[in-house]
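Structural features, examined
The residues making up each chain are set out below.
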Amino acid sequence: MEQKDHIIEVSKLNKSFGSNQVLKDFSMKLVRGENLVILGKSGSGKSVLIKCIIKLLEPDFGEIKILDQDISELDEDEMDLLRKDVGFLFQSNALYDSMTVRENLEFPLRRHWTLEERENKAEEAVMEALEDVGLSHTVNMMPAELSGGMRKRIALARTLILKPQVILYDEPTTGLDPITGREISELMISIQEKYKASSVIISHDMNCIKMTSNRVIALIEGRNYRTDTYENLMKSTDPKVSEFFR
Amino acid sequence: MDVINSPFFKEVGEIARFTGRFFKQIVKPKQEYEEFINQCFWIGYKTFTLVSITAFIMGLVLTIQSRPTLVEFGAASLLPSMVSVSLVREISPVITALICAGKIGSGIGAELGSMRVTEQIDAMEVSGTNPFKYLVVTRVMASTLMVPILSILAIAISLYGGFLGVNLKGSVSWSLYWFQAFDALTFGDFIPSLIKTFFFGFAIGIVGCYKGYNSQKGTEGVGRSATTAVIVASLMVFILDLIAVQITDLLGLT
Ligand SMILES: Nc1ncnc2c1ncn2[C@@H]1O[C@H](COP(=O)(O)OP(=O)(O)O)[C@@H](O)[C@H]1O
Ligand SMILES: [Mg+2]
């Protein structure tokens, strides 16, 4: 069976809030198996971009295709089905703070598994996802009892529970100390290998980018300013690009 | 028209749209029954004690304060009848609704507000659970059901407070008190009073959810959602009460 090459295709995406035009004709492609980093200043529209991809925000114009489906043409149910294949790691983790770690991880199963499947296989799936992030012992704890790095791992475990084909990471290492940030980056790499997932990673943490990226997009002034490898971008003499590396 | 564009009318319009969305979601299949039951318990648990104590005191105080006036007219024996009508028709339902506006309205506003700003609502959507159904529909339905139940409880307890109040300075037997109290009451007293509590509960749920669900970014926004939810919900209770009185009056149920 022939596998589709492009997991995500974004073309000429435009999005504004009032008079603030955040994205202007932004285009990108995510190839199967790759880790694509999106690099941009704070407030440059990185979160807006991936929220458009997962349809949390509606673009003004432009086309977004995930696994060859144009998401603007999908109804609610079809979009939910597609979201099963797309994991999203929120910058704020977005753990449900009234639920235990177990309940947090089981939550995405509500929609996608039958009651019978949930009764028989949920526990196993929860434990597997927790083992992947090395936190099996926290299964009965509340999110408030965990450290920042642990919360990030639990949030990652929650996105893994449905075994997505693509994972969208919104600043996975921002706000963590450098050592924890490094651990998260390593975890991302090992998970990528295990699940054969592709990923879009939003980041301005150079360590994380260096470790995880296959290609990097510099998002500048709402456009895909340049797409290249980390090494080439680092050598760039263009002042708009090189300011990220100073 | 500047009036139409004023923040007040905008808000009213937004709440109306939100209410419309509620009705659209509630007719769709697959409701979150478990979460609905949880919310009912939560509301009962949060307000039971306060509603009981307040209702008891209201019944007691109203009776004590009404006695001198009735004595002046030589009508002290009418005390149970008079007190029961005010407690059933007005005081118990409104006090219950105000307590719920304070506790449930602010509780829902703060809970959904913090879920909004910490992206938990977005996370639900991404994981395929409709957050409007899971969070809003369940909470609005729970408060629509629980406020009437709590009102009935408040009516019973306040009438008991009234019994003690009557007996502080006079002597009316247990059975005579209840006979007199219920003799004065008709279905025209009970039913409109019960019906309006459903509207109170609905308004409290909708306002709390609306404020929380549309919370602005930042933790400051969460506090604002909670406080404005209480203010708007209390105001709604009074407005609805006014409308209810007019309607029962027009229907001749006085
Ligand atoms: N829901 C929203 N309403 C209005 N403006 C928004 C909204 N979300 C984001 N913005 C604006 O879009 C711009 C980009 O935001 P964002 O994508 O969050 O930046 P970042 O690249 O740091 O993730 C910012 O100027 C922000 O103010
Ligand atoms: Mg961001």
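Note that the structure is a prediction, hence the values are computed from the model and not measured. Going along each chain's sequence as written, the residues are numbered from 1 onward. Written order determines the labels here, with chains lettered from A and ligands numbered from 1. Owing to the predicted nature of the model, reporting of local features is limited to residues with pLDDT of at least 70; listing and counting of side-chain atom pairs is limited to 80 or more, with chain, interface and lining totals taken over all residues. For side-chain calculations, the full set of non-hydrogen atoms in the structure is used, while hydrogens and water are omitted.

1. Details of the interface of chain B and chain A
Of the residues lining the interface, 16 residues belong to chain B; the matching set on chain A comes to 21 residues. The term buried area means the drop in 1.4 Å probe accessible area that two parts suffer when joined, counted for both and summed. Per-residue buried area on chain B facing chain A is highest for B:E119, B:Q120 and B:V126; these three make up 35% of the total on that side. For this analysis, a salt bridge means a side-chain nitrogen from Lys or Arg found within 4 Å of a carboxyl oxygen belonging to Asp or Glu. Summed over the shared surface of chain B and chain A, the result is 2 salt bridges. Ionic pairing is found between A:K51 and B:E119, a salt bridge with its closest N-O pair at 2.9 Å. Whenever two N or O atoms come within 3.5 Å, that pair is a polar contact, provided that in protein one can donate a hydrogen and the other can accept it, and provided that, for residues adjacent in sequence, both atoms are side-chain atoms. At the boundary of chain B and chain A, one finds 10 residue pairs in polar contact (both at pLDDT 80 or more). The helix and strand labels rest on DSSP assignments: H or I over at least four residues marks a helix, E over at least two residues marks a strand, and numbering proceeds from the N terminus. Take the side of chain B that touches chain A: its biggest share by element is 6 residues, from helix α4 (residues 120-126) of chain B. Any two residues whose heavy atoms approach within 4.5 Å at even a single point are treated as in contact.

2. Structural notes on the side chain of A:S199
Residue and element names in this part refer to chain A. Secondary-structure assignment places S199 in strand β8 (residues 198-202). Within the structure, the side chain of S199 is placed 2.7 Å from the side chain of N35, a separation counted as a polar contact. Residues within four places of S199 in sequence aside, it is in contact with L30, E34, N35, L36, I167, Y169 and Q192.

3. A look at the confidence of the model for chain B
Low-pLDDT stretches of the model should not have their predicted coordinates read in fine detail. Each residue gets a pLDDT score, which is the predictor's confidence in that residue and runs from 0 to 100. Of the residues in chain B, 98% reach a pLDDT of 70 or more, and the chain-wide mean stands at 91. Confidence metrics for the complex model read pTM 0.89 and ipTM 0.90.

4. Quick word on the packing of aromatic side chains
Residues and elements named next belong to chain B. Any Phe, Tyr or Trp ring, taking Trp's six-membered ring, that has another such ring centre within 6.5 Å forms a pair; planes under 30 degrees apart are called stacked, those over 60 apart edge-to-face, and the others tilted. Per the stated rule, a full pass over the model turns up 21 aromatic pairs over all chains. On the basis of an interplanar angle of 35° and a centroid distance of 6.3 Å, the ring pair of F56 and Y160 is categorised as tilted. On the criterion of sequence distance, the pair formed by F56 in helix α2 (residues 33-72) and Y160 in helix α5 (residues 131-169) is long-range, its members being 104 residues apart. Each residue gets one of three labels from its accessible area relative to the maximum for its type: buried under 20%, exposed over 50%, partly exposed in between, using a 1.4 Å probe on protein chains only. For F56, a relative accessible area of 26% gives the class partly exposed. An aromatic cluster is defined as three or more aromatic residues linked by ring pairs; in this entry it consists of F56, Y160, F163, W174, Y177, W178, F182 and F190.

5. Concerning helix α6 (residues 148-160) of chain A
Under the 1.5 Å per step criterion, the end-to-end length of α6(A) is 19 Å for 13 residues, consistent within 8% with the ideal 18 Å. Burial runs high along α6(A): 10 of the 13 residues are buried. Within α6(A), the full set of buried residues consists of A:G149, A:K152, A:R153, A:I154, A:A155, A:L156, A:A157, A:R158, A:T159 and A:L160. Here the buried face of α6(A) lies against β6 (86-89), α3 (101-106), α5 (115-132), β7 (166-170) and α7 (178-195) of chain A together with α4 of chain B. To estimate the expected span of a helix, subtract one from its residue number and multiply by 1.5 Å.

6. Section: the pairing of strand β10 (residues 223-228) of chain A
All names here are of chain A. Pairs of strands are assigned from DSSP output, requiring at least two bridges between the strands. With 5 bridges joining them, strand β9 (residues 215-220) and β10 adopt antiparallel strand pairing. Pairing of I220 across the sheet is with R223, part of β10. From the end of β9 to the start of β10, which pair antiparallel, there are 2 residues, and E221 there has a positive phi angle of about 50°.

7. Overview of the pairing of strand β1 (residues 6-17) of chain A
Residue and element names in this part refer to chain A. The pairing of β1 with strand β2 (residues 20-31) spans 8 bridges and is classified as antiparallel. Pairing of S16 across the sheet is with Q21, part of β2. Adjacent in sequence and paired antiparallel, β1 and β2 are bridged by 2 residues, among which G18 carries a positive phi angle near 60°. For β1 and strand β4 (residues 61-66), the ladder comprises 5 bridges, and the chain directions are antiparallel. Each residue of the ladder has a partner; that of E9, found in β4, is K65.

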